[in-house]
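Notes for the structure review
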Amino acid sequence: MRLAKPALTTLMGISLISISAPSWAQNPDAPPAFHDVQLSHGFAPDPSSYAVRAAGAINAERLDDHCQGYITDAPTLALTYNAGSAPLYISGASDNDTTLIVRLPDGSYSCNDDSGEFGTNPGVMVDDPQSGRYAIWLGTLTAGEGYPASMIHISETGYSDRNPFSRTLNTLLAPQASITLRDGFSDDPYTLQTRAGGEVNASHVEGANCFGYAQEAANLALTYRAGRHPLYIAARGDFDGVLMVRTPSGEWMCDDDSARNLNPGIRLDKPESGDYLIWAGTLGERTPQDSEIVISAIGYFANDNTLNPALTPSAGEGRLRDGFSPDPVTIQVEAGGPADSDSIASDSIDEGGYCSGSFARAPNYRVNYRAGDGALKFSAEADEDTTLAILGPNGHWRCDDDTAGSLNPGITYDDPQSGDYTIYVGRYSDGEDALNATLFISQTGYGAEAVSHEITPEANALYHEINLEPRFLPDPYELEVPVDGLIEARQAIEDETYCAGYITREPTIVVNYTGDGQMLYVYTEGTNDTTLAVRRPSGEWQCDDDGAQRSNAGLEIKDPDSGRYVIYVGRFSDSDPLRADVRISESEFSRD
């Protein structure tokens with residue numbers, strides 16, 4: 001049986017009369033502000049739900065140092081519970097960020113902010129509940145939020161976030177303003193002075209990944225006739241803003257900072273014709289703020305922030321042909337600018353590629369290349385994290401961030417075409433000042449050293465070539481070798497196996513094995529962090545970093561076949577050269 005004070009609440013309208021003025025000292029035994037409930041284990045319905053108003057003026061830390069939020073002096077709800085073996089779940093549901101404080105029958109407190117499994121809703125689970133009185137406060141995380149209509153749910157099966165008082169962005173309400181535009185409209189941009197923010201939590205929009213606060217009705221309804229140009233929707237103000245847009249097809253698009261300087265922006269490369277609903281919101285505070293919505297077919301705020309490969313390159317142009325010298329060619333450039341990488345249409349990027357960073361609108365450099373049999377490699381270096389975007393002769397873009405190592409980008413054309421390569425050097429993060437950088441063009445590798453990442457497993461071993469038969473002696477067969485390679489194994493070994501470390505071009509060791517053994521083991525011993533890459537006679541690669549003890553590498557080669565085993569011994573980082581002890585055995589090595 002449940003008992004409730006009948007004069008205090010109805011489900012959709014809650015009286016504030018029951019909230020007493022704060023006495024600045026909580027009284028857990030006082031009559032509750034809203035409901036006095038009695039439940040026994042196995043109760044129905046489950047959950048049992050109660051309409052309340054959250055918040056208060058008293059800091060919950062007065063009850064317990066581990067509690068937070070602002071509450072009333074009397075409990076929001078009191079539960080007299082006859083416990084069974086099931087756990088007890090108490091949860092709150094509100095559009096506001098609420099907190100939950102529960103005084104258990106033994107006088108202890110359990111408090112929570114956001115662990116109700118549903119956004120900012122709180123939840124407390126009592127794993128082995130006692131019978132007795134539970135005093136429950138539902139507060140707000142911050143002061144001064146009024147007394148938002150909320151729900152308290154009590155269950156023996158789990159938390160609940162059902163909230164009939166929840167408000168969301170309402171596509172049926174009349175917008176504040178309406179405008180009809182078509183692609184290429186005059187007086188670009190269109191601007192609307194409005195107020196951003198409100199009481200509606202945008203995260204409650206079903207089927208969307210939105211955030212921030214807005215009013216229920218849209219700020220602007222845009223009827224748009226699309227053409228060949230993109231559509232830019234942005235908002236700006238002296239606060240951290242957000243945008244929510246519902247497209248003609250019903251898709252929700254949301255953004256925080258894409259238009260820079262804490263201003264939100266949404267770019268539609270191929271906009272639909274039809275009706276767009278646009279909300280301007282605030283990221284944190286609900287208090288409405290002066291804002292301006294800006295619609296353009298040129299760019300965010302009508303600034304053309306697209307890359308224009310047709311412009312004259314800022315660092316000039318050049319011609320190269322296969323086999324060029326000197327290698328690498330170096331060009332000093334200024335990286336970064338106002339153009340965003342997302343202005344590169346995704347369908348023009350080579351399959352599997354992704355562009356990042358900010359660039360100047362004009363290219364940094366353009367090279368006309370006459371291709372031959374060799375590869376073509378581009379990389380850049382700077383004191384900060386740089387990126388690359390290159391428009392190739394085939395009209396497709398390739399982009400990179402860190403492939404050249406140390407936050408430097410690198411792009412390789414293994415089978416380059418003849419024609420123009422238009423090159424942009426960007427910076428990964430936004431920045432107002434130009435970033436000095438160096439662009440490298442090479443056929444052998446990345447950076448100033450232009451180390452080729454090609455290895456020659458067919459070459460003679462640098463240090464040892466040995467012949468072994470099954471049950472060889474001594475076992476293990478011991479070899480000492482220098483380790484001083486500069487080639488990154490992960491780039492040099494084109495195989496599904498991930499290979500770590502830095503290796504030499506030629507093999508460290510070659511083992512000619514006449515095999516009918518069950519297992520062959522190759523491992524390193526010592527205090528240095530070493531790596532191993534072994535190519536079997538079949539051409540299959542096996543690689544390892546720390547498979548043996550400590551930071552030593554270790555590989556087990558199952559069912560070794562007869563033939564030539566190529567062994568590369570590497571160092572995990574490109575530090576100073578070192579030496580390694582290599583062991584080859586038919587007996588298993590020790591592991592950590």
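This text gives an overview of the structure that appears in the document.

What about a negative patch on the surface?
Residues Asp414, Asp415, Glu454 and Glu494 make up a contiguous surface patch of negative charge. Take Asp415: it is sitting in the loop between β31 (410-413) and β32 (419-427). Accessibility expressed as a relative area gives 66% for Asp415, which makes it exposed.

Digging into the pairing of strand β22 (residues 289-296)
For β22, the tally of buried residues reaches 6 of 8 residues, placing the bulk of the element in the interior. With 7 bridges connecting them, strand β13 (residues 190-196) and β22 associate as antiparallel partners. Bridge pairing in β22 places Leu192 opposite Ile293. Bridge count between strand β17 (residues 231-236) and β22: 5 bridges; the pairing is antiparallel. Paired with Tyr232 across the two strands is Ser296, which belongs to β22.

Thoughts on the state of the cysteines
Applying the stated rule across the entire model yields 4 disulfides. Covalent S-S linkage joins Cys67 and Cys111, the inter-sulfur distance amounting to 1.8 Å. Remark: Cys111 occurs in strand β8 (residues 109-112) and Cys67 occurs in the loop between β3 (58-59) and β4 (70-71); sequence separation between them is 44 residues. Judged by relative accessible area, which is 2%, Cys67 ranks as buried. For Cys111, a relative accessible area of 25% translates into the label partly exposed. Each disulfide pairs two cysteine sulfurs, and for Cys355 the partner residue is Cys399, the sulfurs being separated by 1.9 Å. Because the torsion about its S-S bond is 70 degrees, the bridge between Cys355 and Cys399 counts as right-handed. Here Cys399 lies in strand β30 (residues 397-400) and Cys355 lies in the loop between β25 (339-340) and β26 (358-359), a separation of 44 residues in the sequence. Like Cys399, Cys355 is buried. Each disulfide of the protein joins two cysteines, and with those cysteines numbered along the sequence the arrangement is 1-2, 3-4, 5-6, 7-8.

Rules and cut-offs
- Residues numbered from 1 in each chain as written.
- Predicted model: local features only at pLDDT ≥ 70, side-chain atom pairs only at ≥ 80, totals over all residues.
- Heavy atoms only, no water.
- Patch = residues over 30% accessible without salt bridge, like charges linked within 9 Å, V, L, I, M, F, W, Y side chains within 5 Å.
- Areas by Shrake-Rupley, 256 points an atom, 1.4 Å probe, with all protein chains shown as cover.
- Salt bridge = Lys/Arg side-chain N within 4 Å of Asp/Glu carboxyl O.
- Lys, Arg positive; Asp, Glu negative; His and termini not counted.
- Charge placed at Lys NZ, Arg CZ, Asp CG, Glu CD.
- Helix = DSSP H or I, 4+ residues; strand = E, 2+ residues; numbered from the N terminus.
- Buried < 20%, exposed > 50% of the residue type's maximum accessible area, 1.4 Å probe, protein only.
- Pairing = 2+ DSSP bridges.
- Disulfide = S-S within 2.5 Å.

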